Amino acid sequence: MTLERELDALARRFSPEARVTVLTGAGVSAASGVPTFRGPDGLWKDFRPEELATPEAFARDPKTVWEWYDWRRQLVAQCRPNRAHDVLALWSRRYPSFALVTQNVDGLHERAGTENVVRFHGSLWEVSCWSQCRAGSWLDMTVPFPRLPPSCPHCGGPLRPGVVWFGEAIPEEALEATGRALDCDLCLVVGTSSVVYPAAGLSAQARRRGAFTVEINPEATPASTEMDLALPGRAEDILNSLERLL
Ligand code: OAD
(Lines give C-alpha, C1' and ligand atoms only; values in the text may rest on other atoms or scores of the structure.)
Protein backbone atom coordinates (compact mmCIF):
# COMPACT_ATOMS: atom_id res chain seq x y z
CA MET A 1 0.00 0.00 0.00
CA THR A 2 1.19 3.52 -0.67
CA LEU A 3 1.79 5.89 2.24
CA GLU A 4 -1.20 7.95 1.11
CA ARG A 5 -3.56 4.95 1.30
CA GLU A 6 -2.12 3.89 4.63
CA LEU A 7 -2.73 7.38 6.01
CA ASP A 8 -6.29 7.33 4.66
CA ALA A 9 -6.98 4.02 6.33
CA LEU A 10 -5.42 5.23 9.57
CA ALA A 11 -7.42 8.47 9.51
CA ARG A 12 -10.64 6.42 9.46
CA ARG A 13 -9.70 4.92 12.82
CA PHE A 14 -9.78 8.39 14.42
CA SER A 15 -13.49 8.39 15.26
CA PRO A 16 -14.65 11.23 17.55
CA GLU A 17 -14.81 8.85 20.50
CA ALA A 18 -11.52 7.03 19.75
CA ARG A 19 -9.24 6.62 22.76
CA VAL A 20 -5.94 7.94 21.40
CA THR A 21 -2.61 7.49 23.17
CA VAL A 22 0.67 8.79 21.78
CA LEU A 23 4.12 7.75 22.99
CA THR A 24 6.87 10.16 21.97
CA GLY A 25 10.65 10.33 21.94
CA ALA A 26 13.40 12.73 20.92
CA GLY A 27 12.57 12.53 17.17
CA VAL A 28 9.46 14.67 17.77
CA SER A 29 11.67 17.56 18.85
CA ALA A 30 14.26 17.11 16.07
CA ALA A 31 12.53 19.63 13.78
CA SER A 32 12.65 22.14 16.64
CA GLY A 33 16.44 21.88 16.62
CA VAL A 34 16.86 19.65 19.68
CA PRO A 35 19.43 16.94 18.86
CA THR A 36 18.21 13.38 19.40
CA PHE A 37 20.24 11.22 21.80
CA ARG A 38 21.38 8.60 19.32
CA GLY A 39 21.41 10.68 16.13
CA PRO A 40 24.49 12.21 14.47
CA ASP A 41 24.44 15.34 16.69
CA GLY A 42 23.50 13.44 19.82
CA LEU A 43 26.96 13.08 21.30
CA TRP A 44 28.10 15.84 23.64
CA LYS A 45 31.89 16.05 23.99
CA ASP A 46 32.10 12.38 22.93
CA PHE A 47 29.95 11.16 25.84
CA ARG A 48 27.07 8.78 25.16
CA PRO A 49 23.90 9.47 27.21
CA GLU A 50 24.39 6.17 29.06
CA GLU A 51 27.73 7.50 30.38
CA LEU A 52 26.31 10.76 31.76
CA ALA A 53 22.69 10.07 32.64
CA THR A 54 23.36 7.90 35.69
CA PRO A 55 23.51 8.49 39.46
CA GLU A 56 27.04 7.01 39.43
CA ALA A 57 28.25 9.56 36.86
CA PHE A 58 26.73 12.35 38.94
CA ALA A 59 28.31 11.09 42.17
CA ARG A 60 31.70 10.92 40.44
CA ASP A 61 31.57 14.18 38.50
CA PRO A 62 28.50 16.38 39.12
CA LYS A 63 30.05 19.33 37.28
CA THR A 64 30.44 17.50 33.96
CA VAL A 65 26.97 15.95 34.20
CA TRP A 66 25.50 19.40 34.93
CA GLU A 67 27.44 20.95 32.04
CA TRP A 68 25.63 18.55 29.73
CA TYR A 69 22.20 19.38 31.19
CA ASP A 70 22.99 23.11 31.30
CA TRP A 71 23.93 22.92 27.60
CA ARG A 72 20.67 21.12 26.78
CA ARG A 73 18.66 23.66 28.85
CA GLN A 74 20.29 26.56 26.99
CA LEU A 75 19.63 24.92 23.65
CA VAL A 76 16.00 24.02 24.38
CA ALA A 77 15.29 27.50 25.78
CA GLN A 78 15.93 28.83 22.27
CA CYS A 79 13.73 26.24 20.52
CA ARG A 80 10.05 26.36 19.73
CA PRO A 81 7.48 23.56 19.36
CA ASN A 82 7.16 22.32 15.75
CA ARG A 83 4.20 21.07 13.70
CA ALA A 84 4.38 17.62 15.30
CA HIS A 85 3.96 19.12 18.80
CA ASP A 86 1.16 21.37 17.49
CA VAL A 87 -0.85 18.54 15.92
CA LEU A 88 -0.58 16.48 19.11
CA ALA A 89 -1.70 19.50 21.14
CA LEU A 90 -4.78 19.79 18.90
CA TRP A 91 -5.58 16.12 19.37
CA SER A 92 -5.23 16.46 23.14
CA ARG A 93 -8.16 18.88 23.07
CA ARG A 94 -10.18 16.95 20.49
CA TYR A 95 -10.16 13.31 21.64
CA PRO A 96 -11.85 12.71 24.98
CA SER A 97 -9.40 10.20 26.51
CA PHE A 98 -6.26 11.47 24.80
CA ALA A 99 -2.99 10.83 26.63
CA LEU A 100 0.55 11.64 25.64
CA VAL A 101 3.35 9.73 27.33
CA THR A 102 6.69 11.30 26.53
CA GLN A 103 10.27 10.31 27.17
CA ASN A 104 11.24 13.86 26.29
CA VAL A 105 12.40 16.10 29.10
CA ASP A 106 12.45 19.31 27.01
CA GLY A 107 8.94 20.52 27.91
CA LEU A 108 8.03 21.30 24.27
CA HIS A 109 4.77 19.30 24.39
CA GLU A 110 3.65 21.39 27.34
CA ARG A 111 4.74 24.60 25.61
CA ALA A 112 2.63 23.61 22.57
CA GLY A 113 -0.38 23.48 24.90
CA THR A 114 -0.80 19.70 25.06
CA GLU A 115 -3.15 18.46 27.74
CA ASN A 116 -2.67 15.27 29.72
CA VAL A 117 1.11 14.92 29.25
CA VAL A 118 2.75 12.14 31.24
CA ARG A 119 6.46 12.80 31.75
CA PHE A 120 7.95 9.33 31.77
CA HIS A 121 11.55 10.53 32.19
CA GLY A 122 10.96 13.69 34.23
CA SER A 123 11.81 17.24 33.19
CA LEU A 124 14.90 19.21 32.29
CA TRP A 125 13.31 22.19 34.04
CA GLU A 126 12.89 20.61 37.45
CA VAL A 127 15.62 20.32 40.05
CA SER A 128 15.84 18.58 43.39
CA CYS A 129 18.39 18.18 46.16
CA TRP A 130 20.90 15.42 45.41
CA SER A 131 21.12 14.61 49.16
CA GLN A 132 17.30 14.42 49.30
CA CYS A 133 17.02 17.01 52.07
CA ARG A 134 13.58 18.41 52.86
CA ALA A 135 13.66 20.86 49.92
CA GLY A 136 11.70 18.51 47.60
CA SER A 137 11.70 19.28 43.87
CA TRP A 138 10.75 22.46 42.06
CA LEU A 139 10.81 24.28 38.73
CA ASP A 140 13.94 26.33 38.00
CA MET A 141 14.22 28.01 34.60
CA THR A 142 17.65 29.63 35.23
CA VAL A 143 19.64 29.50 31.99
CA PRO A 144 22.59 29.17 32.25
CA PHE A 145 23.30 28.47 35.91
CA PRO A 146 26.03 30.86 37.12
CA ARG A 147 27.84 28.04 38.95
CA LEU A 148 27.77 24.29 38.38
CA PRO A 149 26.56 22.27 40.12
CA PRO A 150 23.89 24.69 41.38
CA SER A 151 23.40 24.45 45.14
CA CYS A 152 20.34 23.58 47.18
CA PRO A 153 18.89 26.71 48.83
CA HIS A 154 17.89 24.61 51.84
CA CYS A 155 21.01 22.59 52.72
CA GLY A 156 23.71 24.01 50.44
CA GLY A 157 24.45 20.61 48.85
CA PRO A 158 24.41 20.08 45.07
CA LEU A 159 21.13 20.12 43.16
CA ARG A 160 20.37 17.46 40.57
CA PRO A 161 18.30 17.71 37.38
CA GLY A 162 14.74 16.38 37.68
CA VAL A 163 15.19 13.71 35.04
CA VAL A 164 15.07 9.94 35.39
CA TRP A 165 18.54 8.48 35.01
CA PHE A 166 19.52 5.01 33.81
CA GLY A 167 19.12 2.64 36.73
CA GLU A 168 16.46 4.82 38.41
CA ALA A 169 12.77 4.02 38.78
CA ILE A 170 10.11 5.72 36.67
CA PRO A 171 8.06 7.99 39.00
CA GLU A 172 5.11 6.08 40.46
CA GLU A 173 2.60 8.71 39.33
CA ALA A 174 3.88 8.51 35.72
CA LEU A 175 3.70 4.71 35.77
CA GLU A 176 0.11 4.76 37.00
CA ALA A 177 -0.99 7.35 34.43
CA THR A 178 0.79 5.37 31.69
CA GLY A 179 -0.91 2.16 32.78
CA ARG A 180 -4.28 3.86 32.31
CA ALA A 181 -3.22 5.38 28.96
CA LEU A 182 -2.34 1.97 27.52
CA ASP A 183 -6.04 1.03 27.55
CA CYS A 184 -6.69 2.74 24.24
CA ASP A 185 -7.96 2.15 20.71
CA LEU A 186 -5.04 3.75 18.88
CA CYS A 187 -1.47 3.88 20.12
CA LEU A 188 0.99 5.96 18.09
CA VAL A 189 4.71 5.62 18.79
CA VAL A 190 6.47 8.67 17.40
CA GLY A 191 10.17 9.51 17.14
CA THR A 192 11.70 7.03 19.55
CA SER A 193 14.45 4.49 18.86
CA SER A 194 12.60 2.04 21.17
CA VAL A 195 15.78 0.82 22.83
CA VAL A 196 15.38 2.23 26.34
CA TYR A 197 13.18 0.19 28.68
CA PRO A 198 10.61 0.27 30.19
CA ALA A 199 9.43 2.93 27.68
CA ALA A 200 10.29 0.69 24.71
CA GLY A 201 7.88 -2.01 25.94
CA LEU A 202 4.79 0.20 26.28
CA SER A 203 3.42 -0.14 22.74
CA ALA A 204 3.51 -3.94 22.96
CA GLN A 205 1.49 -3.72 26.18
CA ALA A 206 -1.07 -1.45 24.50
CA ARG A 207 -1.30 -3.90 21.58
CA ARG A 208 -1.89 -6.83 23.94
CA ARG A 209 -4.76 -4.85 25.42
CA GLY A 210 -6.31 -4.44 21.99
CA ALA A 211 -4.90 -1.17 20.65
CA PHE A 212 -4.01 -0.67 17.00
CA THR A 213 -0.33 0.33 17.13
CA VAL A 214 1.41 2.65 14.68
CA GLU A 215 5.04 3.72 14.53
CA ILE A 216 6.10 7.00 12.94
CA ASN A 217 9.84 7.20 12.39
CA PRO A 218 12.12 7.80 9.37
CA GLU A 219 14.14 4.73 10.42
CA ALA A 220 13.19 1.18 11.36
CA THR A 221 13.51 0.37 15.08
CA PRO A 222 13.50 -2.88 17.07
CA ALA A 223 9.77 -2.23 17.64
CA SER A 224 8.84 -1.72 13.95
CA THR A 225 8.03 -5.35 13.22
CA GLU A 226 5.82 -5.57 16.34
CA MET A 227 3.56 -2.77 15.13
CA ASP A 228 0.28 -3.06 13.25
CA LEU A 229 1.57 -0.29 10.99
CA ALA A 230 4.98 1.34 10.59
CA LEU A 231 4.92 4.65 8.73
CA PRO A 232 8.36 5.67 7.51
CA GLY A 233 8.75 9.45 7.72
CA ARG A 234 9.31 12.44 9.93
CA ALA A 235 6.87 13.19 12.72
CA GLU A 236 6.25 16.76 11.57
CA ASP A 237 5.35 15.59 8.03
CA ILE A 238 3.32 12.47 8.81
CA LEU A 239 1.35 14.03 11.65
CA ASN A 240 0.65 17.06 9.48
CA SER A 241 -0.62 14.86 6.60
CA LEU A 242 -2.72 12.80 8.99
CA GLU A 243 -4.26 15.87 10.59
CA ARG A 244 -5.28 17.17 7.15
CA LEU A 245 -7.26 13.95 6.62
CA LEU A 246 -9.12 14.14 9.94
P1 OAD B 1 16.84 8.47 20.43
O2 OAD B 1 17.85 9.52 20.13
O3 OAD B 1 17.33 7.16 20.93
O4 OAD B 1 15.97 8.17 19.12
C5 OAD B 1 15.40 9.19 18.35
C6 OAD B 1 14.55 8.55 17.26
O7 OAD B 1 13.92 9.59 16.54
C8 OAD B 1 15.34 7.71 16.24
O9 OAD B 1 14.72 6.45 16.09
C10 OAD B 1 15.24 8.53 14.94
O11 OAD B 1 15.16 7.71 13.79
C12 OAD B 1 13.95 9.27 15.16
N13 OAD B 1 13.84 10.55 14.45
C14 OAD B 1 14.80 11.44 14.07
N15 OAD B 1 14.26 12.51 13.48
C16 OAD B 1 12.91 12.32 13.47
C17 OAD B 1 11.78 13.07 12.99
N18 OAD B 1 11.94 14.27 12.41
N19 OAD B 1 10.55 12.54 13.17
C20 OAD B 1 10.37 11.33 13.77
N21 OAD B 1 11.39 10.58 14.23
C22 OAD B 1 12.64 11.06 14.09
O23 OAD B 1 15.78 9.14 21.41
P24 OAD B 1 14.73 8.43 22.38
O25 OAD B 1 14.16 7.20 21.77
O26 OAD B 1 13.77 9.49 22.81
O27 OAD B 1 16.59 8.79 28.43
O28 OAD B 1 15.66 8.05 23.60
C29 OAD B 1 15.12 7.38 24.68
C30 OAD B 1 15.80 7.78 25.95
O31 OAD B 1 17.22 7.58 25.84
C32 OAD B 1 15.70 9.26 26.28
O33 OAD B 1 14.50 9.59 26.93
C34 OAD B 1 16.87 9.47 27.19
C35 OAD B 1 17.90 8.75 26.36
O36 OAD B 1 19.04 8.41 26.96
C37 OAD B 1 17.23 9.15 29.56
O38 OAD B 1 17.98 10.10 29.62
C39 OAD B 1 16.92 8.26 30.72
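Relevant structure appears above.
Residues numbered from 1 in each chain as written. Predicted model: local features only at pLDDT ≥ 70, side-chain atom pairs only at ≥ 80, totals over all residues. Heavy atoms only, no water.

## Section: the sheet that holds strand β2 (residues 99–102)
Part 1 of the reasoning: With respect to topology, six strands assemble into an open sheet ordered β3-β2-β1-β7-β8-β9, the strand pairing being parallel. At either end of the open sheet lies a strand with only one pairing partner, and these are β3 (117–119) and β9 (229–232). Neighbour-to-neighbour, the strand axes of the sheet open up by a mean angle of 20°, direction not taken into account.
Part 2 of the reasoning: Bridge analysis of strand β1 (residues 20–24) against β2 gives four bridges, and the strand direction is parallel. Paired with Thr-24 across the bridge in β2 is Thr-102.
Part 3 of the reasoning: Together, β7 (186–190), β8 (212–217) and β9 form the strand contacts of helix α1 (residues 3–12), whose direction differs from that of β9 by roughly 130°.
Part 4 of the reasoning: The sheet contacts of helix α5 (residues 83–94) involve β1, β2 and β7, and relative to β1 the element is tilted by about 150°. (Pairing = 2+ DSSP bridges. Helix = DSSP H or I, 4+ residues; strand = E, 2+ residues; numbered from the N terminus. Axes fitted to C-alpha atoms, helices over the stretch in contact; angles between N-to-C directions. Contact = heavy atoms within 4.5 Å.)

## Details of the nonpolar core
Part 1 of the reasoning: Core analysis: the largest hydrophobic core is formed by 27 residues, its most contacted members being Leu-10, Phe-14, Val-20, Trp-91, Leu-188 and Leu-239.
Part 2 of the reasoning: When residues of this core are traced back to their parent elements, those giving at least two are α1, β1, α5, β7, β8, β9 and α9 (235–245).
Part 3 of the reasoning: With residues up to four places along the chain from it excluded, the contact list for Val-20 reads Phe-14, Trp-91, Tyr-95, Ser-97, Phe-98, Ala-99 and Leu-186.
Part 4 of the reasoning: Of all hydrophobic cores here, the second largest spans 24 residues; its members include Leu-52, Val-65, Leu-124 and Val-163. (Core = buried A, V, L, I, M, F, W, Y, C linked by side-chain atoms within 4.5 Å. Buried < 20%, exposed > 50% of the residue type's maximum accessible area, 1.4 Å probe, protein only.)

## Here we look at helix α7 (residues 172–181)
Part 1 of the reasoning: Within α7 the residues assigned to the buried category are Ala-174, Ala-177, Thr-178 and Ala-181. Down the axis of α7, the buried side of the element spans an arc of 100°, and every buried residue falls inside it. Residues Glu-172 and Arg-180 are exposed on α7 and point more than 90 degrees away from its buried face.
Part 2 of the reasoning: Contacts made by the buried residues of α7 are with β1, β2, β3 and α8 (202–208). (Arc of directions from axis to C-beta.)

## Topic: the sheet that holds strand β5 (residues 137–139)
Part 1 of the reasoning: Spatially, three strands are ordered β5-β4-β6 in an open sheet, and the strand pairing comes out antiparallel. For this open sheet the edge positions go to β5 and β6 (159–163), each flanked by a neighbour on one side alone. The mean angle between the axes of side-by-side strands here comes to 40°, regardless of whether they run parallel or antiparallel.
Part 2 of the reasoning: Sheet topology note: the strand β4 (residues 122–129)/β6 ladder contains four bridges and is antiparallel. Residue pairing for β6: Cys-129 is matched across the bridge by Leu-159.

## Considering the packing of α1 against α9
Describing two packed helices takes the angle between their axes plus the distance from one axis to the other.
Part 1 of the reasoning: Look at α1 against α9: their axes get within 9 Å of each other, and the N-to-C directions meet at 55°. When the axes of α1 and α9 are compared, the pair comes out oblique. The handedness of the crossing between α1 and α9 comes out as right-handed. Contacts between α1 and α9 pair Leu-3, Leu-7, Asp-8, Leu-10 and Ala-11 from the former with Ile-238, Ser-241, Leu-242 and Leu-245 from the latter.
Part 2 of the reasoning: Taken together, the residues of the contact of α1 with α9 break down into seven nonpolar, one polar and one charged. (Parallel < 35°, antiparallel > 145°, perpendicular 65-115°, else oblique. Left-handed = near helix turned anticlockwise from the far one by under 90°. Nonpolar A, V, L, I, M, F, W, Y, C, P; charged D, E, K, R; others polar.)

## So, the pairing of β8
The side chains of a regular strand alternate between both faces of the sheet.
Part 1 of the reasoning: Burial analysis of β8 places six of its six residues in the buried class, the great majority of the element.
Part 2 of the reasoning: The two faces of β8 match: Phe-212, Val-214 and Ile-216 on one face and Thr-213, Glu-215 and Asn-217 on the other face are all buried.
Part 3 of the reasoning: Pairing geometry for β7 and β8, over five bridges, is parallel. Directly across from Cys-187, in β8, lies its bridge partner Thr-213.
Part 4 of the reasoning: The β-α-β motif built from β7, the intervening α8 and the parallel element β8 has right-handed crossover chirality.
Part 5 of the reasoning: Note: β8 against β9, four bridges, orientation parallel. Following the sheet pairing, Val-214 is matched in β9 by Leu-229. (Right-handed = clockwise from strand over helix to strand, strands pointing away.)

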